[in-house]
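Tertiary structure, described
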Amino acid sequence: MADTNATTTTDKQQPEELNDAWIRDKLIPKLIDDGKIFEKHQVQVLAVNVKPVSLDGFMLSAPSKVEIEFSYVDDGDKCEGGKSRHAVSDKLCLVVKKTPAVPKEVYVVCQFEFLFENELIAYTEIIPLLSQAKKYPKFYYSERKELSAVCVLEDFSLYGWRSAKQLYNLPLQHILMAVREVATFHGEMYALKVSNLRAFNKIAAQLKEARIANGNIHPEYNLKLVTCRERLVKAVKMYEKDKVPETFLEMFLEYTKNPYTMFKRQFEPIEPLAIICHGDYLRNNIAFKFDENDLPTDVMMYDFQTMRYASPMLDLTTLLIVSAFHDVRAKNFDEIFSLYHTTLLDAFCAKEKIQNRNEVPSYLSKDSLLKDYARHLPNSIIIAASFLPLLITPIEANSVFELRQLTTEEVIKDTMERGGALLDRELAHMMLEFYQLCNKFEIEFN
């Protein structure tokens, strides 16, 4: 692994809090002294300003924006005697992603070590291989210790990138652009797998499963996942009772009764479709550029902490189920999936220099991918049923770690009610679409 910028220690002492003062007084001076962020000589730092990133959704890591004001001598602007005429002032804007101050057991459960290691691999080994690598933020530094981790990146908001205003139910234009982005990524990963399997396998083997690697799920979250299955079935019986058979609902409940086992099955790489995928491809991890009418003109995925070697349909189902609603997803599904398939093949053929589509592997056919899409809907539907309530009816908290621990009864009540009728109708639509695809391809889950 290309880990030249990362530091890993096994310091057993309690880690210092990675707050704004730590960034300003320790991290930034260290990066300057080590030559990580400035290539110019004779740089004089004038000021370091740190402020937290304003979040519109829960994030495990705690990002901060850092603005470094500095001056340097312009070597190309000298008098005849060799002395510089003047110093040039400039500024560098960074985003520092850091772990929050949490107890050791929480740090381990959240698997921060794996999350930050995956991001390092993404920026140092995967993104440089992409055809549009230059549009992604520059990677500067990563450090991982026993109970803390840091990643320093370029602040891409300076170039006009920002999240969609909508937390959920993205408009069709946004969804289509996001589909192109992930399809291009998948196509280029398939090309790498076909053309250089050894290099592909080397990268894939380094990625760590950052969701279920420790063999269990936090009890409160597990209860939420188990309970949201009941809400899904209840919603179907309320809104789509005559369209989804009882036997299908029973099959779904059986397949998902153990969330850990269900996730493990869904994440398992099945050949030949398994690929390096984003792993958490939804609105919170997608940035757009917009025109004067606030319409998206470009798109970029980011936050690569949950990258994994698995089905690419985990990315597509997550985007369409969690970030799009029925009116966008179902009514335009043929257009959306055709765009995904065409873009994937375009990217694959461009990388492989293939002009005849008959040379494309048969497992990349539209029906093959669509069938795999249906197989991976359980993961995204369960994620949507547990995550969308927090987006539709947000909890007032700056961090997920600020939430008080709920009783069993409170967890069940909140899971069954948060998001209201709007969510219930959407959950029913998800399950109906899931049933229709399973019925079309004669898929059974057991």
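Please refer to the structure placed before this passage.
The next subject is the overall build of the protein. Of the regular secondary structure elements, the protein holds 15 helices and 10 strands. A compact globule built from 446 residues would reach a C-alpha radius of gyration of about 22 Å, and the protein, at 23 Å, matches this within 12%. Counting only C-alpha atoms and orienting by the principal axes, one finds that the protein spans roughly 90 × 60 × 45 Å. Split into buried and exposed, the 446 residues of the protein put 50% on the buried side. Entry remark: accessible area of the protein is about 21100 Å², with carbon and sulfur atoms responsible for 49%. Taking the average location of the 54 positive side-chain charges in the protein and that of its 64 negative ones, the two points are 1 Å from each other.

All right, on to the nonpolar core then. Formed by 125 residues in total, the largest nonpolar core has its most connected members in I276 and Y373. Of all hydrophobic cores here, the second largest spans 21 residues; its members include L18, I28, L31 and V96.

We now examine the side chain of T306. Among the structural elements, T306 can be located in the loop between β9 (296-301) and β10 (308-310). With residues up to four places along the chain from it excluded, the contact list for T306 reads L115, N118, R211, H278, G279 and D280.

Moving on to the environment of A274. Relative to the assigned elements, A274 resides in the loop between α8 (259-267) and β7 (275-277). Residue A274 is classed as buried on the basis of its relative accessible area of 1%. Leaving out residues up to four positions away in the same chain, A274 has contacts with Y190, K193, P269, Y309, A310 and S311.

Close contact between helix α11 (residues 333-352) and helix α12 (residues 366-375) brings their axes to 11 Å; oriented N to C, the two are set at 120°. On the basis of the axis angle, α11 is oblique to α12. Of the two elements, α11 crosses α12, and the hand of that crossing is right-handed. Touching F333, D334, F337, S338, Y340, H341 and L344 of α11 are K366, L369, L370 and Y373, all from α12.

When strand β2 (residues 44-52) meets strand β3 (residues 62-73), the two strands line up antiparallel, connected through eight bridges. Within the sheet, the bridge partner assigned to P52 lies in β3 and is S64. Bridge count for β3 against strand β4 (residues 87-98) is 12 bridges, and the pairing is antiparallel. Of the residues in β4, the one forming a bridge with E69 is K91.

It is worth spelling out the packing of aromatic side chains at this point. Under the counting rule described, the total for this entry stands at 21 aromatic pairs. An angle of 70° between the planes, with centres 5.7 Å apart, marks the rings of F200 and Y309 as edge-to-face. Taken together, the residues F200 in helix α5 (residues 197-206) and Y309 in strand β10 connect sequence positions 109 residues apart. Judged on exposure class, the residue F200 and its partner Y309 are both buried. On the numbers, 5.9 Å between centres and 85° between planes, the contact of F337 with Y373 is edge-to-face. Linking F337 in helix α11 with Y373 in helix α12, this pair joins segments that are 36 residues apart in sequence. Given a relative accessible area of 2%, Y373 falls into the buried group. Aromatic ring contacts, followed pair by pair, group F248, F252, Y255, F434, Y435 and F445 into a single cluster.

Before going further, it helps to spend a moment on the environment of I212. Residue placement: I212 occurs in the loop between α5 and α6 (219-239). A relative accessible area of 8% places I212 in the buried class. Remark: the alpha-carbon pair of I212 and T343, spanning 131 residues in sequence, is separated by 31 Å. Once you skip the residues sitting within four places of it in the chain, I212 turns out to touch Q111, Y260, F263, K264 and F267.

The next subject is the pattern of salt bridges. For the structure shown, the criterion picks out 30 salt bridges. Linking D298 and K135 is a salt bridge whose minimum nitrogen-to-oxygen distance equals 4.0 Å. Within this pair, whereas D298 is found in strand β9, its partner K135 is found in the loop between α3 (112-126) and β5 (139-144), the two being separated by 163 residues in sequence. Looking at K135, the relative accessible area reads 17%, which means it is buried. What emerges from the salt-bridge pattern is a single network uniting K97, E119 and D303.

With that out of the way, let us pick up unusual backbone geometry. The linkage connecting E271 with the following residue, P272, adopts the cis geometry, with an omega of 5°. When you line up the elements, P272 lands in the loop between α8 and β7. Its identity is not glycine, yet E442 carries a phi of approximately 55°, on the positive side. Examined against the element boundaries, E442 turns out to sit in the segment after α15 (420-441).

The next thing to look at is the environment of A183. Positionally, A183 belongs in helix α4 (residues 172-195). For the pair A183 and A347, spaced 164 residues apart in sequence, the C-alpha to C-alpha distance is 7.9 Å. Those residues in contact with A183 that lie beyond four places of it in its chain are Y340, T343 and L344.

Conventions used here
Residues numbered from 1 in each chain as written. Predicted model: local features only at pLDDT ≥ 70, side-chain atom pairs only at ≥ 80, totals over all residues. Heavy atoms only, no water. Helix = DSSP H or I, 4+ residues; strand = E, 2+ residues; numbered from the N terminus. Rg over C-alpha atoms; globule rule 2.2 N^0.38 Å. Buried < 20%, exposed > 50% of the residue type's maximum accessible area, 1.4 Å probe, protein only. Areas by Shrake-Rupley, 256 points an atom, 1.4 Å probe, with all protein chains shown as cover. Lys, Arg positive; Asp, Glu negative; His and termini not counted. Charge placed at Lys NZ, Arg CZ, Asp CG, Glu CD. Core = buried A, V, L, I, M, F, W, Y, C linked by side-chain atoms within 4.5 Å. Contact = heavy atoms within 4.5 Å. Axes fitted to C-alpha atoms, helices over the stretch in contact; angles between N-to-C directions. Parallel < 35°, antiparallel > 145°, perpendicular 65-115°, else oblique. Left-handed = near helix turned anticlockwise from the far one by under 90°. Pairing = 2+ DSSP bridges. Phe/Tyr/Trp six-rings, centres within 6.5 Å; stacked < 30°, edge-to-face > 60°. Salt bridge = Lys/Arg side-chain N within 4 Å of Asp/Glu carboxyl O.

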